[in-house]
Amino acid sequence: MSGAVDWIGSCLLRGRHHAHDTTTTMMGKVTGPEAQSLEAFVASPYSYSLRVFLPDARRGSGRLSTAAANPNKATTAPKKRRGEMLLRVGLARSARLRGGAVPLSLPLARRLSFEPPPPPDPEWTDTVEYLDETGALLSSAPGARPAVPGADPTILSGGSAHPLPRPAAAARIAALALRHRSGAPLSAALSALPSAPDAALLLLAASSLPASDPVPLTSLVAWARLQPWFVPSDDLSSLLAARLPPATHSSELLALFDDTLALPDPTAFPKTLNAVVSALATHGLLEPAFYCFKRLRDAGFKGLETPAYNALLSLLLTRGLAFKAFEVLDEMATSGCALDEGTYELAVPAMARAGRIDAARKMFDEMKKREGIGRAPAGVYSVMVDVLAKAGRLDAAMGMYREMVAVGHRVSTAVSTAMVEGLVRSGKLDAGMELWEEMRRGGLRPSFGLYTMVVEANARSGRLDIAAKLFGDMEKAGFFPTPGTYACLLEMHASAGQADAAMRLYHSMANAGTRPGLSTFTALLTMLANKSMLDLAAKVLLEMKASGFPIEVTASDLLMIYIRDGSTDLALRWLRFMGSAGIRTNNFIIRQLFESCMKTGLYDSARPLLETYVAGAAKVDLILYTSILAHLVRCQDENNERAIMDILSASKHKAHDFMCGLFTGPEQRKQPVLSFVREFFQGIDYDNEESAARYFVNVLLNYLVLMGQMNRARCVWKVAYENKLFAKAIVFDQHIAWSLDVRSLSVGAALVATVHTLHRFRKRMLYYGVVPRRIKLVTGPTLKMVVAQVLASLESPFEVSKVVLRAPGDSVLEWFKKPIVQQFLLNEIPSKADVLMHRLNVMFPSSAPEVRSLSIPRSLGMSR
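Treat the numbers as computed from the prediction; the structure is a model and nothing was measured. (Residues numbered from 1 in each chain as written. Predicted model: local features only at pLDDT ≥ 70, side-chain atom pairs only at ≥ 80, totals over all residues. Heavy atoms only, no water.)

A closer look at the packing of aromatic side chains
Right, so step 1: Under the defined criterion, the tally for this structure stands at 19 aromatic pairs.
Right, so step 2: Ring centres 5.7 Å apart and planes at 70° place the aromatic pair Phe-663 and Tyr-703 in the edge-to-face group. Taken as a pair, Phe-663 in the loop between α32 (654-662) and α33 (666-669) and Tyr-703 in helix α35 (residues 686-706) lie far apart in primary sequence, 40 residues in all. The residues Phe-663 and Tyr-703 share a single accessibility class, namely buried.
Right, so step 3: Ring geometry for Trp-738 against Phe-761: centres 5.3 Å apart, planes inclined by 45°, an arrangement best described as tilted. Within this pair, whereas Trp-738 is found in strand β8 (residues 737-741), its partner Phe-761 is found in helix α37 (residues 747-767), the two being separated by 23 residues in sequence.
Right, so step 4: For Phe-761, a relative accessible area of 0% translates into the label buried.
Right, so step 5: Through a chain of ring-to-ring contacts, three or more aromatic side chains come together here, namely Phe-658, Phe-676, Phe-680, Phe-681 and Phe-696.
Right, so step 6: One Lys or Arg, Arg-356, reaches over the ring of Phe-326 and ends 4.5 Å from the middle of that ring.
Right, so step 7: A cation sits over an aromatic face here: Arg-764 above Trp-738, 5.9 Å from the ring centre. (Phe/Tyr/Trp six-rings, centres within 6.5 Å; stacked < 30°, edge-to-face > 60°. Helix = DSSP H or I, 4+ residues; strand = E, 2+ residues; numbered from the N terminus. Buried < 20%, exposed > 50% of the residue type's maximum accessible area, 1.4 Å probe, protein only. Lys NZ or Arg CZ within 6 Å of the ring centre and 35° of its normal.)

What about the packing of helix α20 (residues 448-460) against helix α22 (residues 483-495)?
Right, so step 1: Two elements in contact, α20 and α22, have axes separated by 9 Å at closest approach and are oriented at 15°. One way to sum up the angle between α20 and α22 is to call them roughly parallel. Classified by chirality, the crossing of α22 by α20 is left-handed. Contacts between α20 and α22 involve Thr-452, Val-455, Glu-456, Ala-459 and Arg-460 from the first element and Gly-484, Thr-485, Cys-488, Leu-489 and Met-492 from the second.
Right, so step 2: Broken down by class, the residue content of the contact of α20 with α22 amounts to five nonpolar, three polar and two charged. (Axes fitted to C-alpha atoms, helices over the stretch in contact; angles between N-to-C directions. Parallel < 35°, antiparallel > 145°, perpendicular 65-115°, else oblique. Left-handed = near helix turned anticlockwise from the far one by under 90°. Contact = heavy atoms within 4.5 Å. Nonpolar A, V, L, I, M, F, W, Y, C, P; charged D, E, K, R; others polar.)

Focus on the confidence of the model for the protein
Right, so step 1: Here the protein shows a mean pLDDT of 74. Residues at 70 or above account for 78%.
Right, so step 2: Per-element mean pLDDT across the protein ranges from 34 in helix α1 (residues 2-14) up to 92 in helix α27 (residues 568-580).
Right, so step 3: Low confidence marks residues 1-122, where pLDDT is under 50. Its contacts with residues over four positions away, or in another chain, come to 198 contacts.
Right, so step 4: Counting interchain partners and residues more than four positions distant, the pLDDT-below-50 stretch residues 845-864 has 37 contacts. (pLDDT = per-residue confidence, 0-100.)

Describing the nonpolar core
Right, so step 1: Counting residues in hydrophobic clusters, the biggest one holds 248 residues, and the most contacted among them are Trp-574, Phe-681 and Phe-798.
Right, so step 2: Phe-798 has contacts with Leu-758, Ile-775, Leu-777, Leu-791, Leu-805, Arg-806, Ala-807, Val-812 and Trp-815, leaving out every residue within four places of it along the chain. (Core = buried A, V, L, I, M, F, W, Y, C linked by side-chain atoms within 4.5 Å.)

Some words on helix α31 (residues 638-651)
Right, so step 1: Look at α31: 20 Å from first C-alpha to last across 14 residues, which is about the 20 Å you get at 1.5 Å a residue.
Right, so step 2: Listed in full, the buried residues belonging to α31 are Glu-641, Ala-643, Ile-644, Met-645, Ile-647, Leu-648, Ala-650 and Ser-651.
Right, so step 3: Where α31 starts, the residue carrying a side-chain oxygen 3.0 Å from the main-chain nitrogen of Asn-639 turns out to be Asp-637. (Expected span 1.5 Å × (residues − 1). Polar contact = N/O pair within 3.5 Å; in protein donor to acceptor, adjacent residues only side chain to side chain.)

Here's the deal with the packing of helix α9 (residues 246-261) against helix α10 (residues 270-282)
Right, so step 1: Axis separation between α9 and α10 bottoms out at 10 Å; the angle between their running directions is 150°. Considering their axes alone, α9 and α10 lie roughly antiparallel with respect to each other. Read as a crossing pair, α9 and α10 show a hand that is left-handed. When α9 is examined against α10, the residues Pro-246, Leu-253, Leu-254, Leu-256, Phe-257 and Thr-260 are found in contact with a partner set consisting of Thr-272, Leu-273, Val-276, Ala-279 and Leu-280.
Right, so step 2: Broken down by class, the residue content of the contact of α9 with α10 amounts to nine nonpolar, two polar and no charged.

Concerning the sheet that holds strand β10 (residues 799-800)
Right, so step 1: Strand order in the open sheet made by the five strands is β7-β8-β9-β11-β10, with mixed pairing throughout. What marks the edges here is a single partner per strand, and that holds for β7 (730-733) and β10.
Right, so step 2: Summarising the sheet, β10 and strand β11 (residues 804-808) pair through two bridges and their orientation is antiparallel. Looking at the pairing, Glu-799 lines up with Arg-806 of β11.
Right, so step 3: Running at roughly 165° to β8, α37 makes contact with β7, β8 and β9 (774-778) of the sheet.
Right, so step 4: Its contacts with the sheet place helix α38 (residues 780-792) against β9, β10 and β11, and it is angled at close to 45° to β11. (Pairing = 2+ DSSP bridges.)

Structural notes on the pairing of β8
Right, so step 1: Where burial is concerned, most of β8 is hidden: four out of the five residues are buried.
Right, so step 2: Where β7 meets β8, four bridges bridge the pair, whose relative direction is antiparallel. Paired with Ile-730 across the strands is Leu-740, a residue of β8.
Right, so step 3: Judged from the five bridges that link them, β8 and β9 form a sheet pairing that is parallel. Bridge assignment links Asp-741 to a residue of β9, and that residue is Val-778.
Right, so step 4: At this point the chain moves from β8, through α37, to the parallel β9, and the crossover so formed is right-handed. (Right-handed = clockwise from strand over helix to strand, strands pointing away.)

Remarks on the pattern of salt bridges
Right, so step 1: For the structure on display, the rule yields 20 salt bridges.
Right, so step 2: For Glu-327, the salt bridge is made with Lys-324, and the minimal N-O distance between the two is 3.7 Å. One end of the pair, Glu-327, and the other, Lys-324, are both in helix α13 (residues 322-334), three residues apart, so they sit about a helical turn from each other.
Right, so step 3: Residue class for Glu-327 comes out partly exposed when judged on its relative accessible area of 25%. (Salt bridge = Lys/Arg side-chain N within 4 Å of Asp/Glu carboxyl O.)

What to know about the UniProt feature "repeat: PPR" (unreviewed entry) in the protein
Right, so step 1: Under the local residue numbering, the UniProt record ascribes the feature "repeat: PPR" (unreviewed entry) to residues 305-339, 340-370, 377-411, 412-446, 447-481, 482-516 and 517-551.
Right, so step 2: Between the C-alpha atoms that bound residues 340-370 there is a distance of 9 Å. The span itself is 84% helix and 0% strand.
Right, so step 3: Along residues 482-516, the helical share is 74% and the strand share 0%, with 10 Å between the first and last C-alpha atoms. (UniProt positions renumbered as here; feature names shortened; annotations may be inferred.)

Let's talk about the side chain of Asp-234
Right, so step 1: Along the chain, the position of Asp-234 falls in helix α8 (residues 234-243).
Right, so step 2: Buried within the structure, Asp-234 lacks any salt-bridge partner; Lys-271 is the closest side chain of opposite charge, at an N-O distance of 4.9 Å.
Right, so step 3: A distance of 3.2 Å separates a polar atom in the side chain of Asp-234 from the backbone nitrogen of Lys-271.
Right, so step 4: Not counting chain neighbours up to four residues away, the residues in contact with Asp-234 comprise Ala-268, Phe-269, Pro-270, Lys-271 and Thr-272. (Lys, Arg positive; Asp, Glu negative; His and termini not counted.)

Describing unusual backbone geometry
Right, so step 1: Even without being a glycine, Ser-532 presents a positive backbone phi close to 60°.
Right, so step 2: By the secondary structure assignment, Ser-532 is in the loop between α24 (518-530) and α25 (534-546).
Right, so step 3: The backbone phi angle of Lys-652 is positive, close to 60°, even though this residue is not glycine.
Right, so step 4: Mapping Lys-652 onto the fold places it in the loop between α31 and α32.
Right, so step 5: When its relative accessible area of 69% is taken as the criterion, Lys-652 is described as exposed.

A word on a nonpolar patch on the surface
Right, so step 1: Residues Leu-766, Tyr-767 and Tyr-768 make up a contiguous nonpolar surface patch of about 390 Å² in total accessible area.
Right, so step 2: Looking at the element boundaries, Tyr-767 is found in helix α37. (Patch = residues over 30% accessible without salt bridge, like charges linked within 9 Å, V, L, I, M, F, W, Y side chains within 5 Å. Areas by Shrake-Rupley, 256 points an atom, 1.4 Å probe, with all protein chains shown as cover.)

Section: the environment of Ile-466
Right, so step 1: Checked against the element boundaries, Ile-466 lands in helix α21 (residues 464-476).
Right, so step 2: For the pair formed by Ile-466 and Val-455, sequence separation is eleven residues and the distance between their alpha carbons is 8.0 Å.

Re the environment of Leu-450
Right, so step 1: Mapped onto the secondary structure, Leu-450 falls in helix α20.
Right, so step 2: Leave out the neighbours within four places in its chain, and Leu-450 touches Thr-417, Val-420, Glu-421, Trp-436 and Met-439.

Okay, structure coming up:
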């Protein structure tokens, strides 16, 4: 049977060009191997219903020969014929079929029908022609038509005819697509099909193609789209969209999307549009996927399904575009698309991390109530706990944490870490440590970050014992402490003054190969300085320098610590160490140390410091010079006085030249005292040094009074008052009240001001005849007794109240007329036995003013 079929197939291919000497043999029944070969031919896409007429040369007429006729006669009849006849079958297609010969695909497996011929049918379109050995036409009859797979019985199985199965026809189309793949050969093979496939058959063939290779599928669909019978199908388009890999066929996907959206009714293609958006989003093509989503939203398409939305949400959140993801989520709610578990797992953590905590909690509660979802995933719980804890909503975070445990989720280290960190950072260290212990009892191993945070939190809270224990546990657990952890512990121990523990940590850092930071070195050195461990501080400072840190500022800060603590000896030792190590300090600290040496009486150490200060291009201002002069006023030892005078000379300030000239005679000054004083005060910058000038006048008047130089003192006061250094000291209220305010003056300045002002009052009352109702001396509580005692020795009419000495103007006028008062006010004191010197001795007992009043005033620049 197989030989006969092969022969007939060859005849069909050759047409009617020529014939061969071949004997035609027809079998009436197919069994055995022939039946198996016949079953194999089912893979042919279409069969033709053939009616074969064998010509009888003797009678000149044809008779119908079928496979159902006598098989023996069909086999032996050709042998009895005088001439062997070669059967050539040609198919002439009608006008309504495609013109030309039909190229049939291999293998050529055409099935012959052995049933009796049916009556003529108008659907028959082709003709079977019988040729003789020379190629001449013997006869012809209608005998072929397009056979619809699954409808026309064209395949003989045993003794009955069956239609070609549609899966077999679809498999044959798929085989053609796989064989030719693309191009003209595939188009030719598909165009040669005897009848056009319908949409279902085309979809069945496309579905059977392998998903790993999209080329046959795209070629088959491209051919089908060019055919007039093609009608777009959502199933076929969605299959194509699902099979195309977006990485290499994104343009084809977008073209398919545009074509589908351009159809009159794009809502009839929901699977296609969903497949395109899902494919683009799943493969990470953000811009095309979001572009398609916007096109669908603008077109009012509401058919996007949950998987497509989830794929787009996942892509946007992965790229960090949470605001766009929320836009997609809002569109999902507007379109009425149902949220599934995947949507909730994407949306709830994203909203929580974006700060929309209330909305996230609302969606989380909705998720738990939704049927079919069950309990919320552990990841969603973890994110909610973490976000709530970091946002400071510790009660809500703890409630979510307890709920997570209650529903049966195993709490991860990350969740416990978030809770502990939230409690500790909010100041609830006790609650955080309770949760820490609970976590440890539950078998969870704390992370490195959690260990670090707990250790540092306890250290900063002053729980150094607990911090040290946790630090040891951290090292036993195999975690290498960071420099920050070391620094925190060391700094806290240093702040607490625990020098031994701090030094142990410092050496532990060095052994671990960790270099302390600048703040750690500073904290350690500050502690050592406060503990007066100067040698150890020097060692650590040199190690700090070896580590590459600048040490000048730190060394100067330690020097200031010694100075502020009053440890002048240690400060001098530390300064000598700085000099030996080549570390320089600033002039401000040098000045502070100089003043500290002056206060403690270390004048031998003070002078080199002042010389260093001057050599460092620092300017000795009037305040510093005045402070040295104040030490001279209070000095009791003659040797110390000489040392202070040397220091004054080393200051190189112009006030020192003024002091030297003030105590010399007019021959050396070449001008009177008053002119000399006025010249000095004219060189003062009152905008910047007014307060310094007042301070200088106060101290200088103290010194002049102690030295018995009342005339020079009164000149200094007069010039100072002229330059408005004490503008409100003297007030003349015409005939009502005159007053003198000495509350802001020193003792000597107050006495000089009182003498000079009373002298002015006397001249105005006696020479001009102006007598006020009263005269007030405003002294304040400090100077009240000093001024009162001086005036009481002269039997003055001034009455002493709380802070004021007052007297009527008439009484004061009578008092001014007394000779002793006149001598007192004119500074014509006859001898040391007079009252003024006696009172000065009472006021300054430690400075021996009675001795100085007898001695000749000497220049401050002269040695004693």
